[in-house]
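Reading the structure
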Amino acid sequence: ERIPALLQAMPKAELHLHIEGSLEPERIFALAQRNGVSLPYPSVEALRAACAFTDLQSFLDIYYAGASVLLTEQDFHDMAWDYLIKAQADHVVHVEVFFDPQTHTARGVPFEVVIRGLKSACDRAERELGVSAALIMCFLRHLSGDDASRTLDEALPFREMFIGVGLDSSERGHPPEKFARVFARCRELGLHLVAHAGEEGPPAYIESALDVLRVERIDHGVRCLEDPALVARLARDGVPLTVCPLSNVKLCVFPDLAHHNLKALLAAGLKVTLNSDDPAYFGGYINQNYLDTFAALKLDVVAAYTLARNSLEASFVSEARKAAWV
Ligand code: ADE
Ligand code: ZN
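Residues numbered from 1 in each chain as written. Chains lettered and ligands numbered in written order. Predicted model: local features only at pLDDT ≥ 70, side-chain atom pairs only at ≥ 80, totals over all residues.

**Notes on the site of ligand 1**
Neighbouring ligand 1 are His18, Gly21, Leu56, Tyr63, Asp168, Ser169, His196, Glu199, Ser247, Asp277 and Asp278. Residue composition of the shell around ligand 1, grouped by class: two nonpolar, five polar and four charged. (Near = placed C-beta within 6 Å. Nonpolar A, V, L, I, M, F, W, Y, C, P; charged D, E, K, R; others polar.)

**Digging into the pairing of strand 8 (residues 271-274)**
Here strand 8 shows a buried face lined by Lys271 and Thr273 and a second buried face lined by Val272 and Leu274. As paired elements, strand 7 (residues 240-243) and strand 8 share four bridges and run parallel to each other. Bridge pairing in strand 8 places Pro240 opposite Lys271. (Buried ≥ 20, exposed ≤ 12 C-beta atoms within 10 Å, placed from the backbone. Helix = DSSP H or I, 4+ residues; strand = E, 2+ residues; numbered from the N terminus. Pairing = 2+ DSSP bridges.)

**Some remarks on the environment of His259**
Tracing the chain through its elements places His259 in the loop between helix 12 (245-250) and helix 13 (262-267). Placed 38 residues apart in sequence, His259 and Leu297 show a C-alpha to C-alpha distance of 8.2 Å.

**A word on the confidence of the model for the protein**
With 100% of its residues at a pLDDT of at least 70, the protein reaches an overall mean of 98. The ipTM for the predicted assembly is 0.98, set against a pTM of 0.98. (pLDDT = per-residue confidence, 0-100.)

**Quick word on the nonpolar core**
A general trend in soluble globular proteins is that nonpolar side chains are found buried together. Counting residues in each nonpolar core, the largest one holds 93 residues, and the members touching the most others are Ile19, Ala80, Val97, Phe99, Leu118, Ile136 and Ala209. Not counting residues within four places of it along the chain, the set of residues in contact with Ile19 comprises Met79, Ala80, Tyr83, Val97, Phe98, Phe99 and Leu118. (Core = buried A, V, L, I, M, F, W, Y, C linked by C-beta atoms within 7 Å. Contact = placed C-beta atoms within 7 Å.)

**Looking at the UniProt feature "binding site: Zn(2+)" (unreviewed entry) in the protein**
What UniProt calls "binding site: Zn(2+)" (unreviewed entry) maps, in this numbering, to His16, His18, His196 and Asp277. Of the residues just listed, which span 262 residues, no C-alpha pair is farther apart than 11.7 Å, and they cluster in one region. Of note, His16 is situated in strand 1 (residues 12-18). The buried category is assigned to His16, around which 30 C-beta atoms lie within 10 Å. Dropping the residues within four chain positions of it, His16 is found in contact with Asp219, Thr242, Cys244, Asn275 and Asp277. Along the polypeptide, His18 turns up in strand 1. Given 27 C-beta atoms within 10 Å, His18 falls into the buried group. (UniProt positions renumbered as here; feature names shortened; annotations may be inferred.)

Rendered as structure tokens:
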């Protein structure tokens, strides 16, 4: 079959990747040992066994426990470098990496340690791997808008080290409106804006992410299909959706890949991209998402080119660089 070979070899961008979600269980245990952190799981096997998720929150509980082993600049660098090597192998030419500073600053790890470790890995990837990598700082939506604002204050001295902000963590009960003020500040600062919406939450959260937060892309967004007027708007405005099929199945948004709504999203004319979300937890990196989804939904070569092209076009690189790509 030529489609799997094409999917693997196509140049692509990854636009929805939580770097803390790229920590493999073996790495979590090695870091726990190195840093003297104790984990609620006795072994790699026990941690893997706990990864039978029932919804987003059941995943987040383990994801935050896993991230608790990160303490030093070197830890953050090593985590990002491991991921960037894998991205290069998957022919990712550009990646916009999410990170969750509040998960770390709440444990006493300085913001500066987090961002310096991640940024040095991104810069090294550009030099040594030919992969361009930029950082997007995410606010945790289960925390308050004021907490997010304080995080932005801490980030200001490092403004040049990240290109945008996002919104992640527990979606239900935490509407975008909570973060209207901090996103308005970020907009003033010229930061790019994205938000998770319509993963587990209702289509109304996608609308308020656009209208209240004024985001440029929607992360996930798969529940938009429940609102035809919203679908028409997303299609008309070319709002990119960063869809993560393996994540959606692991978190029980869809029962299996054959029931994923990707085909309907494409048929509706939406600017869909494929991404890995938290690859260490969800069973595969970006090419695995492409391969498994194409097999389950019997997608064709046209869909392959469309998705890869969308990923490059939906990225935040300069128009000049995009023109050279597509
Ligand atoms: N944090 C890490 N992965 C996430 C996801 N899929 N949704 C919300 N928050 C997250
Ligand atoms: Zn995500």
